[in-house]
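# Descriptive structure summary
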Amino acid sequence: MIAPQDKDYIVIVQCHLAKQRCSGFACEIAFHERSGGFAEYAKDKAYRTLHITCGGCCGRALNGKLSQIVRKLKKMQKIEKEQIVVQLSSCIATHNFHGPACQHLDYLKTLIAQAGLDVREGTWINELSVKRREQGRYA
Ligand code: SF4
Ligand code: SF4
């Protein structure tokens, strides 16, 4: 996997269900600050970003979305899939106050791998959720 700082294009995938009540603002803050799941990205690099959702359970729509992204970025922007990374939001990857981690997480990762893309987990890190996971209240 190419290191995060060497990627050029970040596809941030968020939980479709969580996005029905969340604007995704905390994910944007985390990226802007290069904190949480974005801590390893270069602070002074102007990455291209795209925020999408999985499309709803079971996440199968991600297959078509990622295929289009890979195809269109190559054709229209000369961006190869090796330059792209998928960042799964914290509401997909971890148990937090929105609910348990996505039960289709492995399936989503399979779809991402089939698209030939690297994947990373986590975006905004909520301190209270971290504490509750440490306490065993969250899985
Ligand atoms: S991680 Fe948080 S801010 Fe980002 S989409 Fe999920 S619920 Fe919203
Ligand atoms: S498949 Fe997972 S990430 Fe997508 S809507 Fe369902 S619970 Fe959320």
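Next up on the list: the site of ligand 2. Around ligand 2, the neighbouring residues are Cys15, His16, Leu17, Cys54, Gly56, Cys57, Cys58, Gly59, Ile92, Cys102 and His104. Among the residues forming the shell around ligand 2, the class breakdown is seven nonpolar, four polar and no charged.

To continue, consider the site of ligand 1. Lining the immediate environment of ligand 1, one finds Gln14, Lys19, Cys22, Gly24, Ala26, Cys27, Ser89, Ser90, Cys91, His98 and Thr123. If you list the elements that add at least two residues to the shell around ligand 1, you get helix H1 (25-33) and helix H3 (90-93). Each residue belonging to the shell around ligand 1 can be placed in one class, and the counts come to four nonpolar, six polar and one charged.

Structurally, Ser35 can be placed in the loop between H1 and strand E2 (48-53). A C-alpha to C-alpha distance of 7.4 Å links Ser35 and Trp124, two positions 89 residues apart in sequence. Beyond its immediate stretch of four places on either side in the chain, Ser35 contacts Ala30 and Thr123.

This next bit is on the sheet that holds strand E4 (residues 118-121). With parallel pairing, the four strands of this open sheet are ordered in space as E2-E1-E3-E4. Taken across any chain shown, the strands that pair with only one partner, and hence form the sheet edges, are E2 and E4. Across the sheet, the mean angle separating the axes of adjacent strands is 25° when strand polarity is ignored. Bridging between strand E1 (residues 9-14) and E2 involves six bridges; their strand directions are parallel. In the sheet register, Ile12 faces E2, and the bridge partner there is His51.

Here we take up the pattern of salt bridges. Scanning the entire structure with this criterion turns up five salt bridges. A salt bridge links Glu40 to Arg120; the nearest nitrogen and oxygen atoms lie 3.9 Å apart. Of this pair, Glu40 sits in the loop between H1 and E2 while Arg120 sits in strand E4, and the two are 80 residues apart along the sequence. Arg120 gets classed as buried once you look at its relative accessible area, which sits at 15%. As a salt-bridge pair, Lys109 and Glu121 come within 2.4 Å of each other at their nearest N and O atoms. Residue Lys109 is located in helix H4 (residues 105-114), and its partner Glu121 is located in strand E4; the two are separated by twelve residues in the primary sequence. On the basis of relative accessible area, Glu121 is assigned to the partly exposed category, the value being 40%.

Turning next to H1. Residues of H1 that are buried include every one of Ala26, Cys27, Ala30 and Phe31, and no others. Across the axial projection of H1, the buried residues extend over an arc of 140°, all falling on one side. Counted as exposed and oriented over 90 degrees from the buried face of H1: Phe25 and His32. In this structure, the buried residues of H1 make contact with E1 and E2. After H1 finishes, the residue Arg34 shows a positive phi value of roughly 55°.

Scoring rules and cut-offs
Residues numbered from 1 in each chain as written. Chains lettered and ligands numbered in written order. Predicted model: local features only at pLDDT ≥ 70, side-chain atom pairs only at ≥ 80, totals over all residues. Heavy atoms only, no water. Near = heavy atom within 4 Å. Nonpolar A, V, L, I, M, F, W, Y, C, P; charged D, E, K, R; others polar. Helix = DSSP H or I, 4+ residues; strand = E, 2+ residues; numbered from the N terminus. Contact = heavy atoms within 4.5 Å. Pairing = 2+ DSSP bridges. Axes fitted to C-alpha atoms, helices over the stretch in contact; angles between N-to-C directions. Salt bridge = Lys/Arg side-chain N within 4 Å of Asp/Glu carboxyl O. Buried < 20%, exposed > 50% of the residue type's maximum accessible area, 1.4 Å probe, protein only. Arc of directions from axis to C-beta.

What is shown is where atoms sit, not what they do.
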